[in-house]
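In case you want the letters, here they are:
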Amino acid sequence: MSATVAAKGRVASIGIPGALSPIGGTMNSNERSLIDLDSEPLTDLPPGVDRRSFLMRSAVISAAALMTGRTLTPEAHAAAAAAPPTKPQVPLSPSLNVVKESKGPVMTTVEEFYKVGPGPSSSHTIGPMRITYDFYQRCTKLPNDKLAQATALKVNLFGSLSATGKGHGTERAALAGLVGKEPATVDPAFLDDLAAHPQQTFPVKLGDKSINVSLADIIYDATKGDFPHPNTMTCKLLGGEQVLLEQEYYSVGGGFIEWKGYKPPKKGQPKYPYATMKELLGHAEKNKLTIAQVILANEVSVSGKSEADVLAFVDKIQTAMVNIVKSGLAAPAGTLPGPIKLKTKAGDVYKRAMQDKFEREQGIGVVSAYALAGSEENARGHLVVTAPTGGSAGVMPAVVYALGEGGRKAPKEKISQGMLTAVGVGYLCKHNATLAAAEGGCQAEIGVASAMAAAMIAEVMGSPPQVVANAAESSLEHHLGMTCDPVAGFVQIPCIERCAYGAVKAWTGYMIASNEIPANRRVDFDSTVTAMALTAKDMNPKYKETSEGGLALSVTLC
C-alpha cells in the first residue's frame, strides 16, 4: 500500500492487512495510518519542514484524533504536523540561574556536580545545609555594631521542602549548617544525635555575640504558593522584631543552590561548547576523542584547573563511592530510622546472591546488593555522593564498585574516565530538563543516575561515543514518567529498591546498546531528555516529592 500525504488528512500506512486495532477488531484504513518512515516520498511536504519530524507529528495527531473521536480537516491536520515543536518549559522563575544556563552551552563542572554530603536527599538535605551554612558565613561578616543587636536566627521552609522535609531530616540539616557545619565534613553522628535528642540547643558565635539556636528555629511553612522554585527557603537574622539580614534561597536539585539576586561565578569558556548530545558527539567524532576526553578538556578550560587536579578530584569521588558501598554492605542488619520501620537487606541480598550457582543471576543480585547498600547508607543519613542526587545515591556507587574491585577489576584510571563520561550525561539532563524530583519526579533522579551509569559502563568497556550515547538513552527512556512518591516523606520506599533497579537497568542499557547496530537506534538521547522535560511539565504536582499520591497514599503504616 503506498504512502499517502498528511496534507490530505493521512500519513504513511504500515500496509499490514488485517492488523489488530488497539481498540479491538481489525484496523480500518484510517487506523492503519501509523507510520513507516521509509515509505514513498511525500509529494506535498511543506517547505522548510523536516520529513521525518513531519511524519512523526502527523502520526501522533492522527492517533490522538482517533482515540478522542475528534476529526480534523486536511488543512488543519497538515498545519499542526508542520508546526515546529515547542521547547518544554518547567514552571520555574526565569530569574533562576538554572533556567538561564539552559540557553547557552553546558558550563557545569565536575566539582559542582559530584558533591559529598549527608543523606537522604541532595535537594532536601545537602542543599538546605549548604544554604544555611552560606547564611551563617554571611552573618559572620556583618559589622560588629549590627551583630551586637542580634537575638535570633530563623529559617522558614516552603513548598516541597515543607511538604516532605520532616521525612528527609531537612530541619536537622538546616540547623547543622546554621551552627557552622559543612555538608562534606559533617560527622553523621552529629545528625543522628540531633534526631535522637531534638530538644538540644547550640550556641552560634557571631562577633562578640552568642545566639542559641535549636530545631524550633527551623519552621515548616507554606507547602503551596507562588514560589520561584518548589524548594524555596528563607533565612533571617533578627534583632528583636527587627530583621538585620534576610536572604531567600532555592535548593534547585542535586545539591545545587541559588538565592535571590544570585550571580554565577566567573568561568572560562568551554573548549568544545555543547548543549546537546548531538553536539557532544560531533566534537568527539571531529577531533577523534572519546566523550571523556571532550569532558576533561572542557573541565580544564571552564574551571581553570589542571587535568591532574580534575582527575584527582574524580579519583577522590570514586573512592568515596566505593567506601559508601562497603559501609552499607558491612552495616549490621537493622531497622532504618523513621515511622516505616523498614528492615535493611543489602547484606543479606549480597550473601545470597554470592551463593547463586548461575553466574548471570549472581551478577544481577550482586549489583542490586551494592545499590541497596549505598541507598541504605543514604537512608541512614550518612555521607553519600550526589550522582546526580541523594535519592539516587545508590546507583552510580553500585556500578563503580561492580566495575572495579567488586566485579570486573577495571583499573581505577579507566573508571575515572567513565565517571567523566557519566557526568557529561548528567550535565545534559540538568541543562535541558531537571535533576530535581520536586520538578520532575523520580525520572529526574533515578532515571538520570541510570543513564549516567550506563554511559560509564560503555566508556569503561571501550565502546565508541555513539554506543555510549545509545546506552544512556536506553536507560533514561525506560525511566520516563517515574513518580516521586516517598512513603511518609522518607527516602526509603520506594527509593532504596529503585536504586537497585536503576543500577540493573544501566547494565541492561549498555548490553542492548553494545549488541545492536548503533545506527539503527531510532530514539536519540536528546529526544529522550526533551521527553523527560515534557513529562516533568505535565506531571501532577502530587507525584513530585510531595508524598500526596501514589505509594505515599496507598501504603498504610501500622
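Above this note sits the structure.
A. The arrangement of the pairing of strand β3 (residues 201-206) in detail. Of the two faces of β3, the one holding Phe 202, Val 204 and Leu 206 is buried and the one holding Thr 201, Pro 203 and Lys 205 is not buried anywhere. Inspection of the sheet shows β3 paired to strand β4 (residues 209-214) by six bridges, in the antiparallel sense. Bridge pairing links Val 204 to Ile 211 in β4. Where β3 folds back onto β4 in an antiparallel hairpin, the turn is made up of two residues, including Gly 207, whose phi is positive at roughly 65 degrees.

B. Local environment of the sheet that holds strand β7 (residues 242-253). Spatially, β5-β2-β6-β7-β8 is the arrangement adopted by the five strands of the open sheet, whose pairing is mixed. Where the open sheet ends on each side, the last strands, each with one partner, are β5 (218-220) and β8 (256-259). Each strand of the sheet is rotated relative to its neighbour by a mean of 25 degrees, with strand direction disregarded. One ladder, built from four bridges, connects β7 with β8; its direction is antiparallel. Its bridge partner being in β8, Ser 251 is matched across the sheet by Ile 257. Packing against the sheet, helix α5 (residues 122-140) makes contact with β2 (152-157), β6 (232-239), β7 and β8, and its axis sits at approximately 150 degrees to β7. Contacting β2 and β5, helix α8 (residues 170-178) runs over the sheet at an angle of about 150 degrees to β5.

C. Highlighting helix α9 (residues 188-196). Of the residues making up α9, those classed as buried are Pro 188, Phe 190, Leu 191 and Leu 194. Buried residues of α9, seen end-on, are gathered within an arc of 160 degrees and therefore sit on one face of the element. Buried residues along α9 sit against β1 (116-118), α8, β3 and β9 (383-385).

D. Summary view of the packing of aromatic side chains. Summed over all chains, the structure comprises 10 aromatic pairs. Taken together, a centroid distance of 6.4 Å and an interplanar angle of 65 degrees make the contact between Phe 113 and Phe 256 edge-to-face. With Phe 113 in helix α4 (residues 110-113) and Phe 256 in strand β8, this pair connects stretches of sequence that are 143 residues apart. Its relative accessible area of 0% is what places Phe 113 among the buried residues.

E. Looking closely at the side chain of Asn 156. Within the fold, Asn 156 resides in strand β2. At 2.8 Å, the side chain of Asn 156 forms a polar contact with the side chain of Asp 221.

F. Examining the pairing of β6 more closely. Among the eight residues that make up β6, seven are buried, leaving the element largely enclosed by the rest of the structure. Looking at chain direction, β2 and β6 are connected through six bridges and run antiparallel. Bridging across to β6, Val 155 finds its partner in Cys 235. One ladder, built from eight bridges, connects β6 with β7; its direction is antiparallel. Each residue of the ladder has a partner; that of Met 233, found in β7, is Tyr 249. From the end of β6 to the start of β7, which pair antiparallel, there are two residues, and Gly 240 there has a positive phi angle of about 70 degrees.

G. Spotlight on the pattern of salt bridges. Applying the stated criterion to the full structure yields 13 salt bridges. The partner of Glu 377 in a salt bridge is Arg 380, and the shortest N-O contact between them spans 2.8 Å. Here Arg 521 makes a salt bridge to Glu 473, at a shortest N to O gap of 2.6 Å. Of this pair, Arg 521 sits in the loop between α20 (495-515) and α21 (525-538) while Glu 473 sits in helix α19 (residues 465-477); the two residues are 48 residues apart in sequence, bridging distant segments of the chain.

H. Region of the structure containing the packing of helix α16 (residues 412-432) against α21. Contact geometry of α16 with α21 gives a least axis separation of 9 Å together with a crossing angle of 45 degrees. On the basis of their axis angle, the class for α16 and α21 is oblique. Considering the relative orientation of α16 and α21, their crossing is right-handed. Here α16 contributes Val 425, Leu 428, Cys 429 and Asn 432 to the contact with α21, which in turn contributes Phe 525, Val 529, Met 532 and Ala 533. Each residue belonging to the contact of α16 with α21 can be placed in one class, and the counts come to seven nonpolar, one polar and no charged.

Criteria and thresholds
- Residues numbered from 1 in each chain as written.
- Predicted model: local features only at pLDDT ≥ 70, side-chain atom pairs only at ≥ 80, totals over all residues.
- Heavy atoms only, no water.
- Buried < 20%, exposed > 50% of the residue type's maximum accessible area, 1.4 Å probe, protein only.
- Helix = DSSP H or I, 4+ residues; strand = E, 2+ residues; numbered from the N terminus.
- Pairing = 2+ DSSP bridges.
- Axes fitted to C-alpha atoms, helices over the stretch in contact; angles between N-to-C directions.
- Contact = heavy atoms within 4.5 Å.
- Arc of directions from axis to C-beta.
- Phe/Tyr/Trp six-rings, centres within 6.5 Å; stacked < 30°, edge-to-face > 60°.
- Polar contact = N/O pair within 3.5 Å; in protein donor to acceptor, adjacent residues only side chain to side chain.
- Salt bridge = Lys/Arg side-chain N within 4 Å of Asp/Glu carboxyl O.
- Parallel < 35°, antiparallel > 145°, perpendicular 65-115°, else oblique.
- Left-handed = near helix turned anticlockwise from the far one by under 90°.
- Nonpolar A, V, L, I, M, F, W, Y, C, P; charged D, E, K, R; others polar.

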